[in-house]
Amino acid sequence: MRVNVDGTKCAAYALCAEIAPQVFDLDDFGYAVATPEDVPAALEVVTGEAIEACPVQAIRRLT
Amino acid sequence: MNIATRVAVPDGGGMAVRGNVREDLARHLAAGGDSALHHSPEAVLTAIRAAGLRGRGGAGFPVAAKIEAVRAASGPRVLVANGEEGEPASVKDRYLMRTRPHLVIEGMLLARRLVGADRAILYVSDAPSARSVRQALNERGSPCAEVFDAEPGFVSGEETALVRAIDGGPAKPTAKPPRPFEQGVAGRPTLVLNVESLARMALLTRFRRGGLLVTLSGSGRAPVLTEIRHGVRPADLAARHGFDAGRGFLAGGFSGGLLPPSAGDTPLTHEAMRAIGSTLGCGALVAIGRDDCPVAAAADVLAFFDRANAGQCGSCFRGTGAMAGAVEALRAGTAVAEQVDRLAQWARQLRGRGACGTLDAACLTADSLLLHFPDEIRNHLAEPCARCARLPVGADTRFRVHPIEPEEG
Ligand code: SF4
Ligand code: SF4
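Residues numbered from 1 in each chain as written. Chains lettered and ligands numbered in written order. Predicted model: local features only at pLDDT ≥ 70, side-chain atom pairs only at ≥ 80, totals over all residues. Heavy atoms only, no water.

- Where an unreviewed UniProt entry is consulted, chain B appears under the name NADH:ubiquinone oxidoreductase subunit F (NADH-binding), with the organism given as Nonomuraea endophytica.
- Database annotation for chain B, UniProt heading Sequence similarities (unreviewed entry): "Belongs to the complex I 51 kDa subunit family." (UniProt positions renumbered as here; feature names shortened; annotations may be inferred.)

- An unreviewed UniProt entry lists chain A under the name Ferredoxin, from Nonomuraea endophytica.
- One UniProt comment on chain A, placed under Function (unreviewed entry), says "Ferredoxins are iron-sulfur proteins that transfer electrons in a wide variety of metabolic reactions."
- Note on chain A: under the UniProt heading Cofactor (unreviewed entry), the record states "[3Fe-4S] cluster".

Set out below in structure tokens:
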């Protein structure tokens, strides 16, 4: 599984980084970026939860 | 700086630079124009691959790979010639469209055949360029391409912004994937090539060698548009045309950051510029003279990015604003050391976080200032800079270069 945050949509709600801190990283202004690597299998469930939780649907599942 | 730009035809005659009289269809054909259209698509593609032609818009992506990706796609395809020159210090694309519109059209016809596109669109905001190409299409008497009147702007020519604009939306980038070669204009696989890349494709079939348009400006001199071979050194280029680069360069337009004077020895090739952390970009070089200051130059460029970003990605509009603020404080002599530390952190942390390359260009501006000019930073923290105080700060960047006005032939 690979994910990415659509920078044009992210509104710095920070939920993703709370739910899956190993996958999402916030910058100094609170906007998120996802790991460019494949999400480890053990983290797929929390990553899915983060996708669901994002209030603006900014997180995209690429594969 | 409001100084007219001059055209410098290279010794022995240029391939793309032929002077500043607009070339009409008769002149174009008399000089061997449209000969590229007699070659088979396979032969042209082989020549492009062999020459290692890279996109001349800024990103420098291999042209053959772009063509192959769209060629391999199924269904109707689109070609877009990107004539939206958003880089303030570059005028070469407008030179081509204003002065050599038929060469651009020849490249478009060639590319269109290479990928089997059923639509060919020129995307441009510069009114004289659009007029020149429309007139050229009339001279040809066949509606072989459309001209799309774009909005001007630094991000307007970014390839996803261009697709969005042609499809009726705002000229602002979208998140990738998909890229235009997968899903572009009207959802179709779309080949987007810069107008110089298109001209180069046509020229390659005639001259069998590459070249590079460069816009040279700065140090209070009249800017120069010329053509060089890959590998020329910036220091030689500056000396030849009388520019003072005593305090370095801005490279790749505003996309390659600041370079120290020692970078004057780096050959102007894609690879060598990458190796020093910069980019050849659109081939615009700004010489920073002895009366200038790299801190003031960085402040000007970052203030430009702060105004010109598309205001879409939080990391970008907050980040460029913050970086511009920190460097402006340095310029004004009010910065404290802690601000410089934060600037360094943002310059690294924010890379790759925007939907387009604008944020990365802003990060590189800050990062390269910190990397190459540590003494200047220290001096600016210690006391206000006399050079900075003398340099103009305006509503627009002071590095904007005026496009060439073609003469009547
Ligand atoms: S939850 Fe959504 S809006 Fe919030 S930081 Fe993550 S991606 Fe951005
Ligand atoms: S990175 Fe900046 S310029 Fe690019 S789309 Fe995002 S906000 Fe706009």
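**Describing the overall build of chain A**
Okay, so step 1: For chain A, the count of helices and strands is two helices and four strands.
Okay, so step 2: The order of α-helices and β-strands along chain A, N terminus first, is β-α-β-β-α-β.
Okay, so step 3: Taken against the 2.2 N^0.38 rule, which gives 11 Å for 63 residues, the C-alpha radius of gyration of chain A at 10 Å falls within 12% of a compact globule.
Okay, so step 4: For chain A, the spread of C-alpha atoms along the three principal axes comes to 30 × 20 × 20 Å.
Okay, so step 5: Taken across its 63 residues, chain A has 43% of its residues classed as buried. (Helix = DSSP H or I, 4+ residues; strand = E, 2+ residues; numbered from the N terminus. Rg over C-alpha atoms; globule rule 2.2 N^0.38 Å. Buried < 20%, exposed > 50% of the residue type's maximum accessible area, 1.4 Å probe, protein only.)

**A few points about the pattern of salt bridges**
Okay, so step 1: Counting across every chain of the model gives 37 salt bridges over all chains.
Okay, so step 2: The shortest N-O distance in the salt bridge between A:R2 and A:D38 comes to 2.9 Å. Taken together, the residues span a long stretch of sequence, with A:R2 in the segment before β1 (3-5) and A:D38 in the loop between β3 (32-34) and α2 (44-53) at a distance of 36 residues.
Okay, so step 3: It is possible to trace a salt-bridge network through shared partners that takes in B:R56, B:K92, B:D93, B:E196, B:R200 and B:E227. (Salt bridge = Lys/Arg side-chain N within 4 Å of Asp/Glu carboxyl O.)

**Observations regarding the packing of helix α4 (residues 92-99) of chain B against helix α5 (residues 101-115) of chain B**
Residue and element names in this part refer to chain B.
Okay, so step 1: Contact geometry of α4 with α5 gives a least axis separation of 5 Å together with a crossing angle of 100 degrees. Comparing the axis directions of α4 and α5 gives the class roughly perpendicular. Along its contact with α4, which presents L96, M97, R98 and T99, the element α5 presents P101, L103 and V104.
Okay, so step 2: When its residues are assigned to classes, the contact of α4 with α5 shows five nonpolar, one polar and one charged. (Axes fitted to C-alpha atoms, helices over the stretch in contact; angles between N-to-C directions. Parallel < 35°, antiparallel > 145°, perpendicular 65-115°, else oblique. Contact = heavy atoms within 4.5 Å. Nonpolar A, V, L, I, M, F, W, Y, C, P; charged D, E, K, R; others polar.)

**Structural notes on the interface of chain A and chain B**
Okay, so step 1: Across the boundary between the two partners, chain A contributes 14 residues, which contact 18 residues of chain B.
Okay, so step 2: Both sides together, the interface formed by chain A and chain B hides about 1,300 Å², and carbon and sulfur atoms give 51% of it.
Okay, so step 3: Among the residues chain A hides against chain B, the three largest losses belong to A:T8, A:D28 and A:F29. Together they make up 45% of the total.
Okay, so step 4: Note that B:R353 is salt-bridged to A:D25, the shortest N-O span being 2.6 Å.
Okay, so step 5: Summed over the shared surface of chain A and chain B, the result is nine residue pairs in polar contact (both at pLDDT 80 or more). (Buried area = accessible area lost by both parts, 1.4 Å probe. Polar contact = N/O pair within 3.5 Å; in protein donor to acceptor, adjacent residues only side chain to side chain.)

**Concerning the sheet that holds strand β4 (residues 146-149) of chain B**
All names here are of chain B.
Okay, so step 1: On the basis of which strands lie adjacent, the open sheet formed by four strands has the order β4-β3-β2-β5 and parallel pairing. Strand pairing shows two members of the sheet lacking a second neighbour, β4 and β5 (190-194), which therefore form its edges. In this sheet, adjacent strand axes meet at a mean angle of 25 degrees when their direction is disregarded.
Okay, so step 2: Note that strand β2 (residues 77-82) and strand β3 (residues 117-124) share six bridges and pair parallel. Paired with A81 across the bridge in β3 is L122.
Okay, so step 3: Docked against the sheet, helix α7 (residues 159-166) engages β2, β3, β4 and β5, running at close to 105 degrees with respect to β3.
Okay, so step 4: Strands in contact with helix α8 (residues 195-207) are β2, β3 and β5; relative to β5, the strand with the most contacts, it is inclined by about 90 degrees. (Pairing = 2+ DSSP bridges.)

**Description of the nonpolar core**
Okay, so step 1: If you look at the biggest cluster of nonpolar residues, it comprises 125 residues, and the most contacted ones within it are A:F24, B:I48, B:M201 and B:M323.
Okay, so step 2: With ten residues, the top contributor of residues to this core is helix α11 (residues 294-308) of chain B.
Okay, so step 3: Apart from the residues within four sequence positions on either side, B:M323 is in contact with B:L302, B:L343, B:W346, B:A347, B:L350, B:L359, B:A362, B:C363 and B:A366. (Core = buried A, V, L, I, M, F, W, Y, C linked by side-chain atoms within 4.5 Å.)

**Points about unusual backbone geometry**
Okay, so step 1: Note that the residue after B:K176, namely B:P177, is joined by a cis bond; omega there is -10 degrees.
Okay, so step 2: Assignment of secondary structure puts B:P177 in the loop between α7 and β5.
Okay, so step 3: Along the chain, B:P177 connects to B:P178 via a cis peptide bond; the corresponding omega equals 0 degrees.
Okay, so step 4: By the element assignment, B:P178 lies in the loop between α7 and β5.
Okay, so step 5: Of note in this structure, A:A12 is not a glycine but carries a positive phi near 60 degrees.
Okay, so step 6: Relative to the elements of secondary structure, A:A12 occurs in the loop between β1 and α1 (15-19).
Okay, so step 7: We note that A:Q57 has phi near 50 degrees; this positive angle belongs to a residue other than glycine.

**Topic: the site of ligand 2**
Okay, so step 1: In the neighbourhood of ligand 2, the contacting residues comprise B:V155, B:P173, B:N309, B:A310, B:G311, B:Q312, B:C313, B:C316, B:G354, B:A355, B:C356 and B:T358.
Okay, so step 2: For the shell around ligand 2, the per-class residue count stands at seven nonpolar, five polar and no charged. (Near = heavy atom within 4 Å.)

**Side note on the confidence of the model for chain B**
Okay, so step 1: Averaged over every residue, the pLDDT of chain B is 95; residues scoring 70 or more account for 99%.
Okay, so step 2: Prediction confidence for the complex, expressed as pTM and ipTM, is 0.96 and 0.94 respectively. (pLDDT = per-residue confidence, 0-100.)

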